Amino acid sequence: MNSTMQDKENEKPPSSTPRPSPPWRVAVLANIKEHDRELPPDAPPDTGADYDYIETIDHIRGAIETDGHQTIFIQADRNLPFALQESRPDICFNIAEGLGGDAREALTPALLELLQIPYTGSRVLTNAISLDKTLTKRIWRDRRLPVAPFQEFTFNDEPLRPELIRHFPLFVKPAREGTGMGVDTRAIVNNETELRERVEYIIRMYNQPALVEVFLPGREFTVGVLGRRDAALYSRHPEWYEKDGSLRLPVLELDNSRSVTPSIYGLEAKAQSIGSEGAPGYLCPAPTDPELTRKLHHLAWRAHVVLGALDVSRTDIRLDAEGQPPPTEIYTLPGLTPDYSDLCLQTNAHGISYTDLILEILYLGASRWGMIEPRQAPSAPLKKRTEPLGGSEKADPGKPEALKLAAVTTG
Ligand SMILES: Nc1ncnc2c1ncn2[C@@H]1O[C@H](COP(=O)(O)OP(=O)(O)O)[C@@H](O)[C@H]1O
Ligand SMILES: [Mg+2]
């Protein structure tokens, strides 16, 4: 194999060959809340808060089965490697948050790459980075996204940078958690004494760095997106997508004023049933003017593309004191509980059924592994791309260029 061919081989997702055509055997991989697991004695009290209920898995399986596929559920625990080798699914629907370590959301994708089993959504590197809010912000800042000033503390005696000293109150949270873990009203610190206490608590309790940010006092939004550059070629609903391959879902606004943790959408607030006392207000579509809506959509799509996210993500954005909208974090494994998870509220508001959402994630994922024929092959040979994908971005790791897609699906 000459070096050009070798390069092309390396760019393909590592899929088993030959690639099966539908119907498939689909394994849903997740970590379940009540599953018996061995937690270390020093695990923080909210460990597992972002794990799924078994009912959510049943909903996902039900949606996938409506299109004729078979499904199984496999718990993403230490037995996963053996269970996968035994069952050899055609593709995995991955929502596993991971058991531990510094990149737990990347554990399952890494294993699937090793076993060469196709799977949905973002790949290893993106899932590892997106769990780490500091790294995510560094990458966004490098690509000129408007992130709020921040500093990460690995040790509590590191000096606070002058640009943050000027900005009290500050906000302190674990650098690598989700679902509001480690976030309550004490996350807002008004002076250096409170800051040191909170940083100490996060480092000790969560066994990871503390991320300190400027407090963002404004309205809070979360913005889901689906798609990728060639999504319309493979989607069952090509009409959903813009020219750039994005589907920008209606913006969801969290009204934190009525929440158990006023002004913060933390663990306690997220756990409340929608509409109950103490739950934040969920406004979707958010009552934003067209200019702000456009900005929020643009930022969420840029945040997704710049991080190399694939097919689905949700980005949190909170307005700063000047009314500007800095993104604060991205979820590449957004919750998928029907009528409850933020992304599902957004697809509901857009008139997309839960079944269509799940099948879309499955088919967009499968198409990246050569398991689906494109709707129409490009009519003329495409000009060799001189610009990387997405303008100045580097190519998404799991997204072959259209030219290569044609080769994959015909060869
Ligand atoms: N810099 C900040 N300023 C004000 N509130 C914040 C800031 N960062 C986070 N929050 C609040 O804390 C919540 C949880 O923080 P977030 O970074 O989104 O982590 P999680 O992954 O736990 O959702 C946010 O939804 C928001 O309400
Ligand atoms: Mg969040």
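Small disclaimer: the values here were computed from a predicted structure and weren't measured. (Residues numbered from 1 in each chain as written. Chains lettered and ligands numbered in written order. Predicted model: local features only at pLDDT ≥ 70, side-chain atom pairs only at ≥ 80, totals over all residues.)

Student: Help me out: how do you make sense of the pairing of strand 8 (residues 220-227) in this one?
Tutor: Side-chain positions along a regular strand alternate between the two faces of the sheet. Among the 8 residues of strand 8, 8 are classified as buried, and the element is accordingly described as predominantly covered. A two-sided burial pattern is seen for strand 8, the buried positions comprising Glu220, Thr222, Gly224 and Leu226 on one face and Phe221, Val223, Val225 and Gly227 on the other. With 3 bridges connecting them, strand 8 and strand 10 (residues 252-255) associate as antiparallel partners. Looking across to strand 10, one finds that Glu220 is bridged to Leu254. (Buried ≥ 20, exposed ≤ 12 C-beta atoms within 10 Å, placed from the backbone. Helix = DSSP H or I, 4+ residues; strand = E, 2+ residues; numbered from the N terminus. Pairing = 2+ DSSP bridges.)

Student: Explain the site of ligand 1 here, please?
Tutor: Close contacts around ligand 1 come from 20 residues, with Phe171, Gly178, Glu213, Leu216 and Tyr265 the closest. Contributions of two or more residues to the shell around ligand 1 are made by strand 5 (170-174), strand 12 (311-318) and strand 13 (327-331). Along the lines of polarity and charge, the residues of the shell around ligand 1 split into 8 nonpolar, 5 polar and 7 charged. (Near = placed C-beta within 6 Å. Nonpolar A, V, L, I, M, F, W, Y, C, P; charged D, E, K, R; others polar.)

Student: I would appreciate a short explanation of unusual backbone geometry in the present structure.
Tutor: Excluding glycine, most residues fall at negative phi; most peptide bonds, likewise, are trans. The residue after Pro22, namely Pro23, is reached through a cis peptide bond having omega 0°. Within the element layout of this structure, Pro23 appears in the loop between helix 1 (3-11) and strand 1 (25-30). Looking along the chain, the bond that leaves Phe168 and enters Pro169 is cis, with omega of 0°. A positive phi angle, close to 55°, is found at Gln116, a residue other than glycine. Structurally, Gln116 is set in the loop between helix 4 (107-115) and helix 5 (124-131). Given 12 C-beta atoms within a 10 Å radius, Gln116 is considered exposed. The phi dihedral of Asp339 falls on the positive side, at around 60°, and the residue is not glycine. Turning to its location among the elements, Asp339 is positioned in the loop between strand 13 and helix 12 (342-349).

Student: Would you mind showing me how to read the sheet that holds strand 2 (residues 70-75) here?
Tutor: Paired through their backbone hydrogen bonds, the strands of a sheet run either parallel or antiparallel. Taken in spatial order, the 3 strands line up as 2-1-3 in an open sheet, and their pairing is parallel. The sheet is open, and its two borders are formed by strand 2 and strand 3 (91-94), each paired with just one other strand. The sheet shows a mean angle of 30° between the axes of neighbouring strands, direction not considered. Bridging between strand 1 and strand 2 involves 6 bridges; their strand directions are parallel. Paired with Ala30 across the strands is Gln75, a residue of strand 2. (Axes fitted to C-alpha atoms, helices over the stretch in contact; angles between N-to-C directions.)

Student: Got a minute to help me understand helix 6 (residues 133-142) in this structure?
Tutor: Because the α-helix completes a turn every 3.6 residues, residues three or four places apart line up on one side. Here helix 6 has its buried residues at Lys133, Thr136, Lys137 and Trp140. Buried positions in helix 6, seen along its axis, are confined to an arc of 95° and lie on one side of it. Positive phi appears at Arg144, one or two residues downstream of helix 6, with a value of about 70°. (Arc of directions from axis to C-beta.)

Student: What's the story with the environment of Ala271 in this structure? I'm lost.
Tutor: Looking at where Ala271 falls in the secondary structure, it is placed in helix 10 (residues 267-271). You can call Ala271 partly exposed: it has 14 C-beta atoms within 10 Å. Each C-alpha atom, one on Ala271 and one on Ala49, is 9.0 Å from the other, the two residues being 222 residues apart in sequence.

Student: What am I meant to see in the sheet that holds strand 5 here?
Tutor: Taken in spatial order, the 4 strands make up an open sheet running 4-7-5-6, and their pairing is antiparallel. At either end of the open sheet lies a strand with only one pairing partner, and these are strand 4 (150-153) and strand 6 (188-189). Strand direction decides the pairing type here: strand 5 and strand 6, joined by 2 bridges, are antiparallel. In the strand pairing of strand 6, Phe171 is matched with Ile188.

Student: What exactly am I supposed to notice about the packing of helix 2 (residues 54-65) against helix 13 (residues 354-368) here?
Tutor: In the contact formed by helix 2 and helix 13, the axes pass within 9 Å of each other and the chain directions differ by 80°. Classified by the angle between their axes, helix 2 and helix 13 sit roughly perpendicular to one another. Of the residues in helix 13, those touching helix 2 at His59, Ile60, Ala63 and Ile64 are Tyr354, Thr355, Ile358, Leu359 and Leu362. In the contact of helix 2 with helix 13, the residues fall into 7 nonpolar, 2 polar and no charged. (Parallel < 35°, antiparallel > 145°, perpendicular 65-115°, else oblique. Contact = placed C-beta atoms within 7 Å.)

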